[in-house]
Amino acid sequence: MAVVWDMSQWTQAWRTDSLQPTVRWSGTRTTTSGTNMYGRTAGGANQSVTNGTSNSGANSGGGASGGAQGHDKLKIGFCTDLDKSVLVNNFEKRGWHQVNGDDDWHFYWAGVQTCRNIFSVDSGYRMHDNQMINHFPNHYELSRKDLLVKNIKRYRKDLERDGNPLAEKTESNNSSGTRYLYLDFVPTTFVLPADYNMFVEEYRKFPLSTWIMKPCGKSQGAGIFLINKLSKLKKWSREAKGPFHPQIAKESYVISRYIDNPLLIGGKKFDLRLYVLVASFRPLKAYLFKQGFCRFCTVKYDTSVTELDNMYVHLTNVSVQKHGGEYNTLHGGKWSVQNLALYLEGTRGKEVTDRLFGAISWLIVHSLRAVAPVMASDRHCFECYGYDIIIDNALKPWLVEVNASPSLTSTTVNDRILKYKLIDNILSVVLPPDGVPDVRWNKVPSADALGNFELLIDEELAAQDEQHQNSSSNTHSKTSKMGSRWK
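Residues numbered from 1 in each chain as written. Predicted model: local features only at pLDDT ≥ 70, side-chain atom pairs only at ≥ 80, totals over all residues. Heavy atoms only, no water.

> Would you mind going over the overall build of the chain with me for this structure?
Assigned secondary structure in the chain consists of 15 helices and 20 strands. Taken across its 487 residues, the chain has 53% of its residues classed as buried. For the chain, restricting intrachain contacts to residue pairs at least 6 apart in sequence, the fraction spanning at least 24 positions comes to 70%. Carbon and sulfur atoms provide 50% of the accessible area of the chain, an area that totals close to 22200 Å². (Helix = DSSP H or I, 4+ residues; strand = E, 2+ residues; numbered from the N terminus. Buried < 20%, exposed > 50% of the residue type's maximum accessible area, 1.4 Å probe, protein only. Contact = heavy atoms within 4.5 Å. Areas by Shrake-Rupley, 256 points an atom, 1.4 Å probe, with all protein chains shown as cover.)

Here it is as structure tokens:
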């Protein structure tokens with residue numbers, strides 16, 4: 001596979017509110033208004049399936065004409081652990097009926113624990129071809145902070161060992177030694193208590209640095225605090241071992257170099273919440289929801305020691321900020337990604353803005369590639385992840401964490417509209433054209449089915465492209481035949 005070096009080519013069409021990429025005919029290729037990873041949309045290949053030109057047996061269940069006939073009388077039963085109207089309304093508008101987990105269900109929007117129970121060896125449960133569930137069995141390889149860091153480090157080391165140019169290194173500006181030139185998108189991070197000695201060694205090289213501590217298995221800002229002195233960490237460690245905090249002593253924490261130069265708007269820190277849908281890990285098929293948003297702190301950013309413990313200054317989580325006196329219930333402290341792009345184009349210029357959003361897409365794809373080898377890529381599964389990303393004042397994006405169960409709670413009217421559309425678009429992408437769950441479908445949605453999602457990566461389509469390009473040089477007639485697939 002050819003390596004893409006210019007990250008600006010990864011820019012997605014987030015600054016537009018169009019529901020789908022504009023497909024236009026260009027010789028023997030399909031191009032879109034937004035640049036995709038391989039210069040190709042998912043919808044192009046799907047034309048061959050719905051038009052009956054695919055000879056793959058795995059595709060037979062997904063065609064609107066082929067698979068639908070066998071499903072005419074199938075009544076879809078859905079099950080959910082979450083009593084959220086954005087879920088139930090989307091399911092019911094499709095004519096589905098709600099059932100219990102013990103009944104015969106076809107679509108399960110489950111909590112992570114329910115998913116683990118279903119896939120547990122002890123349960124003895126085996127899903128049939130017309131069942132789908134919204135989590136991969138070991139999603140925690142991506143969503144647990146310590147495992148995410150471990151997998152990214154392993155991914156970079158593997159590439160380095162193989163001599164892959166993606167693992168090229170350069171001199172580091174804020175830490176000793178070198179950094180990865182193309183894969184430097186997570187702050188320097190250690191897992192405690194296991195990496196304590198390595199952390200101390202790094203800290204002593206930069207004694208004025210600030211670090212952020214996070215429990216590995218928690219979310220919504222719980223248990224997070226900042227430190228700028230080793231004595232504070234040692235004090236916390238002593239207290240954690242005491243009789244009053246037995247649960248803390250058993251937990252693993254990650255400690256990361258704090259991004260103390262965040263991009264500020266109106267003097268306030270913010271982060272990005274982006275939704276990434278993964279339909280498969282092997283081959284990797286991932287989509288980005290274009291209607292992400294920024295989450296702002298309610299108090300202006302201040303790096304002084306006196307504000308180190310003020311979470312309204314440092315943590316952007318809505319679950320934290322909504323308790324602040326400055327919280328605005330009308331807009332919820334949120335800003336659309338489209339507004340951010342327009343703001344940056346006006347203040348920094350279009351070229352650097354494109355480069356930023358290209359780097360964000362690059363970051364997401366390579367974080368997914370880092371975990372793909374260890375993920376149990378069950379064909380019954382899909383998953384929507386909430387990516388939290390910080391942008392520094394040099395417009396460099398940093399991956400903060402990934403959530404396997406991003407909140408579906410609506411804090412504003414716009415929030416409710418966005419999340420309703422998110423669920424609707426997820427269903428359109430992961431379900432075959434006839435709307436009936438079927439693991440035999442090849443998981444290549446049409447351009448219309450993408451809605452507000454756009455393709456980040458599809459390794460299967462990429463492999464087909466490469467194969468077609470290699471074979472197209474053989475005969476002119478073969479090239480003509482391949483070109484017809486895109487019409």
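> Explanation requested: the sheet that holds strand E11 (residues 225–227) in the structure shown.
Strand pairing in a sheet relies on backbone hydrogen bonds, with the paired strands running either antiparallel or parallel. Taken in spatial order, the four strands of this open sheet run E9-E12-E10-E11, and their pairing is antiparallel. One side of each edge strand has no neighbouring strand; the edge strands of this open sheet are strand E9 (189–192) and E11. On average, adjacent strands in this sheet sit at an angle of 25 degrees to one another, irrespective of strand direction. Helix-sheet contacts for helix H5 (residues 145–161) involve E9, strand E10 (211–215) and strand E12 (253–257), and the interaxial angle to E9 is about 130 degrees. In this fold helix H6 (residues 196–205) packs onto E9, E10, E11 and E12, with an angle of close to 140 degrees to the strand it touches most, E9. (Pairing = 2+ DSSP bridges. Axes fitted to C-alpha atoms, helices over the stretch in contact; angles between N-to-C directions.)

> Explain the packing of helix H2 (residues 85–93) against helix H13 (residues 413–430) here, please?
Axes are the key here: two packed helices are described by the angle between their axes and the distance separating the axes. For the pair H2 and H13, interaxial distance at closest approach is 9 Å and the crossing angle is 45 degrees. One finds that H2 runs oblique with respect to H13. The hand of the H2/H13 crossing is right-handed. Counting all contacts with H2, which are made through Val86, Leu87, Asn89, Asn90, Phe91 and Lys93, the residues of H13 involved are Arg416, Lys419, Tyr420, Ile423, Asp424 and Leu427. When grouped by side-chain class, the residues that make up the contact of H2 with H13 number six nonpolar, two polar and four charged. (Parallel < 35°, antiparallel > 145°, perpendicular 65-115°, else oblique. Left-handed = near helix turned anticlockwise from the far one by under 90°. Nonpolar A, V, L, I, M, F, W, Y, C, P; charged D, E, K, R; others polar.)

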